[in-house]
Amino acid sequence: MTIEELKQKALSLTMQPGCYLMKDKQGVVIYVGKAKALKNRVVSYFRENASHTEKTRQMVSHVWDFDYIVTGSEFEALVLECSLIKHYDPRYNILLKDDKGFHYIHVTDEPYPRIEAVMQRPDDGGQLIGPYMSAFVVRQTVEQVNRVFKLPTCSRKFPADLRRGRPCLNFHIKQCMGLCQGRVSEAQYRGVINEAIEYIRSGGASDTAELEKRMERAAEDLDFELAARLRDRITAIKRIAETQTVLLGEDRQMDVLGFAQVNGMACAIVLKIREGRIVDKENFIYEDIFDLPELREEFLYRYYAGRADIPRAVVLDAPAEDMALFEEFLRHESGRAVTPAVPQRGERRKLCEMAQNNAVEQLALKVKRTGREVAALEQLGKLLGMASPPCYIEAYDISNWGETGRVGGMIVFENGRPLKSDYKRFAIKEVAGQDDYASMREVLRRRFTRYKEGDPAFSRLPDLVLLDGGKGHVGAVAPLLREMGIDVPLYGMVKDNRHRTRALTTAEGELALSMMKSAFTLVTAIQDEVHRYAIAYQRTLHKKSSYESSLKKVKGIGDAKVKALMKEFRTKKRLKEATLEELSQAAKVKGETAQALWEAIQEM
């Protein structure tokens with residue numbers, strides 16, 4: 001790819017945290033990085049006149065393509081980056097991050113040791129943890145440990161500065177134990193440092209059982225200050241551990257599969273977890289797919305046929321058609337027991353969601369949409385029980401203003417976004433009075449009559465039709481579509497008492513949207529847009545009617561002359577700019593009538 005093509009691809013990335021893998025022309029991973037917001041970070045490599053170092057520019061010059069893995073948090077991306085660097089050993093990670101030597105976590109040799117990041121081996125006899133390839137990883141780890149264990153990071157020297165001066169801000173915001181206050185003995189502090197070192201070596205997965213026992217003993221001894229510190233430490237460790245979905249407990253070896261579909265295109269993602277860490281991601285794109293369960297079934301057997309690295313667990317986002325048969329097949333291919341599972345909760349479920357999220361983002365790049373838009377269509381299709389997501393959606397609304405402003409509006413959303421070139425307006429012609437049901441029937445009949453007649457402006461059949469209204473609207477239109485032979489899913493969009501989208505409805509009942517955030521957001525946007533469009537057209541007609549009525553108040557100006565004027569000048573602005581001679585010629589009037597017409601127009 002060219003730099004511009006890489007930039008355009010990067011602009012389509014998500015703003016979520018994750019890791020990115022730069023690849024050369026042969027597909028070899030040459031650099032692995034972590035980002036808090038993938039889009040911002042990856043785009044920065046391909047901007048013109050970016051302030052890159054020479055090494056970065058050299059790396060970018062060899063980038064032919066890139067891949068990425070979306071994670072649930074920045075910390076997950078940090079851990080995953082370490083895992084991927086160890087797995088791929090990319091040459092530009094060493095060149096870019098190791099230009100001044102290896103990086104270490106250093107525990108200083110002094111009565112009250114500090115934990116810090118260093119680039120060279122110090123000669124003070126302190127303890128070193130490492131080496132690490134990434135200076136950033138070391139800095140982040142040190143920052144994390146100091147925060148969890150509330151270690152001092154100020155410039156004070158201990159024990160010389162014990163009980164001297166007031167504590168700094170970190171103590172007041174509970175990010176430091178307040179060693180300067182002299183309430184923590186040297187032995188107690190050494191114990192905290194040892195726990196912090198164990199925390200670093202275990203990757204943050206420290207067992208809190210011993211800490212809990214110490215907390216209970218401290219409480220029994222009425223040492224409530226120590227008990228409180230231990231309690232806060234346990235809480236911090238557990239909070240971090242809860243977010244580390246890339247560091248698993250018992251699930252050390254497994255594949256996690258996620259699937260997504262949009263616009264006739266599908267993606268299968270396989271996250272490979274080995275030794276409790278994500279070490280690889282495989283993605284497969286398929287076109288002309290309109291039945292995702294069928295693709296999933298075929299993919300599972302083709303992917304695992306003859307594979308030598310089948311783990312002991314295969315985690316799926318949805319069940320295979322015959323799970324027992326699939327399990328037997330896996331046992332045959334691997335020569336040992338393999339357990340397929342479809343988790344409904346817990347860490348495995350979170351990993352399934354990560355796989356699905358990656359599949360959605362991969363498709364978003366292909367169809368040039370955001371992951372949120374693709375996810376919304378996926379959710380909406382599942383809610384309505386459709387074989388594939390509805391990529392081309394038409395929505396209708398009726399707006400009334402007495403007898404002169406009865407209109408219908410039709411809007412179109414394609415791949416989750418408004419397609420304004422396909423919007424249509426309908427002036428109600430056949431219905432007398434304010435009858436929304438009959439007006440909706442007229443609009444839908446005229447639209448699909450044009451479709452059946454082959455009108456190019458109405459040539460595309462929608463995947464889904466939404467009506468701004470409840471069961472009554474659906475009940476009025478559904479028989480019409482059946483009579484016309486139009487087989488398209490039809491639903492009404494129902495609002496609550498505060499005029500907010502609440503559900504989709506058929507003649508039989510409602511489908512709540514509250515549990516599907518992306519689908520809810522999409523349907524709400526559709527309902528608001530179709531209502532806006534219908535109201536705007538109705539107001540335009542009302543203004544035009546009022547304007548024409550004002551012209552007809554001029555003596556000698558009737559319907560024919562008003563029609564001639566509107567045909568010639570089109571807009572009120574152009575009409576006001578017209579000279580007396582131009583008005584006289586267009587309306588075919590002279591003398592006092594032309595003068596009165598000109599004056600009336602200027603006063604409007």
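Shown above is the structure to which this text applies.
Residues numbered from 1 in each chain as written. Predicted model: local features only at pLDDT ≥ 70, side-chain atom pairs only at ≥ 80, totals over all residues. Heavy atoms only, no water.

### What to know about the overall build of the protein
- In terms of regular secondary structure, the protein is built from 21 helices and 19 strands.
- For the protein, the share of sequence-separated contacts (at least 6 apart) that also reach a separation of at least 24 residues comes to 61%.
- Entry remark: accessible area of the protein is about 30800 Å², with carbon and sulfur atoms responsible for 49%. (Helix = DSSP H or I, 4+ residues; strand = E, 2+ residues; numbered from the N terminus. Contact = heavy atoms within 4.5 Å. Areas by Shrake-Rupley, 256 points an atom, 1.4 Å probe, with all protein chains shown as cover.)

### Topic: the state of the cysteines
- Throughout the structure, instances matching the rule amount to 0 disulfides.
- Take Cys154: it sits in no disulfide, and the sulfur closest to it among the cysteines is that of Cys168, at 5.2 Å. (Disulfide = S-S within 2.5 Å.)

### Digging into the sheet that holds strand β1 (residues 18–23)
- Read from one edge of the open sheet, 3 strands run β2-β1-β3, paired in antiparallel fashion. Of all the strands in the sheet, the pair left with one neighbour each is β2 (29–35) and β3 (65–70). Along the sheet, successive strands turn relative to each other by an average axial angle of 20°, direction set aside.
- Here β1 runs beside β3; their pairing, made up of 6 bridges, is antiparallel. Its bridge partner lying in β3, Tyr20 is registered against Tyr68. (Pairing = 2+ DSSP bridges. Axes fitted to C-alpha atoms, helices over the stretch in contact; angles between N-to-C directions.)

### Notes on the packing of aromatic side chains
- Tallied over the full model, the rule gives 18 aromatic pairs.
- On the numbers, 6.3 Å between centres and 65° between planes, the contact of Tyr31 with Tyr45 is edge-to-face. Separated by 14 residues along the polypeptide, Tyr31 in strand β2 and Tyr45 in helix α2 (residues 38–45) bring together distant segments of the chain. Each member of the pair Tyr31 and Tyr45 is classed as buried.
- When the centroid spacing of 6.5 Å and the interplanar angle of 55° are considered together, the rings of Tyr45 and Phe46 count as tilted. Taken as a pair, Tyr45 and Phe46 share a single burial class, namely buried.
- Taken together through their ring pairs, the aromatic side chains of Phe259, Phe284, Tyr286, Phe299, Tyr301, Tyr303, Tyr304, Phe326 and Phe329 make up a single cluster.
- The residue whose ring lies beneath Arg307 is Tyr303, and the NZ or CZ to ring-centre distance is 4.0 Å. (Phe/Tyr/Trp six-rings, centres within 6.5 Å; stacked < 30°, edge-to-face > 60°. Buried < 20%, exposed > 50% of the residue type's maximum accessible area, 1.4 Å probe, protein only. Lys NZ or Arg CZ within 6 Å of the ring centre and 35° of its normal.)

### As for the pattern of salt bridges
- Per the stated rule, a full pass over the model turns up 19 salt bridges.
- The partner of Glu282 in a salt bridge is Lys272, with the nearest N and O atoms 3.7 Å apart. Of this pair, Glu282 sits in strand β9 (residues 277–287) while Lys272 is found in strand β8 (residues 265–274), placing the two residues 10 residues apart along the sequence.
- Classification of Lys272 by relative accessible area gives buried; the value is 7%.
- Between Asp309 and Arg307 there is a salt bridge; the shortest N-O distance is 3.5 Å.
- Taking relative accessible area as the criterion, Asp309 reaches 36% and is therefore assigned partly exposed.
- Among the ionic contacts, a cluster of salt bridges with common partners joins Lys272, Glu282, Arg307 and Asp309. (Salt bridge = Lys/Arg side-chain N within 4 Å of Asp/Glu carboxyl O.)

### Here we look at the layout of surface pockets
- Put simply, the largest pocket is a space of about 770 Å³.
- Of all the secondary-structure elements, those providing two or more residues to the lining of the largest pocket are α13 (346–367), α14 (371–383) and α17 (517–551).
- Here the lining of the largest pocket gets 8 residues from one element, more than from any other, and that element is α13.
- For the lining of the largest pocket, the class distribution of residues is 6 nonpolar, 10 polar and 9 charged. (1 Å grid on protein atoms, 1.4 Å probe; cavity = no way out; pocket = protein on both sides within 12 Å on 5 of 7 lines; lining within 4 Å. Points joined across faces, edges and corners; volume = space filled by probe spheres on them. Nonpolar A, V, L, I, M, F, W, Y, C, P; charged D, E, K, R; others polar.)

Remember, this is a structural readout, not a statement about activity or role.
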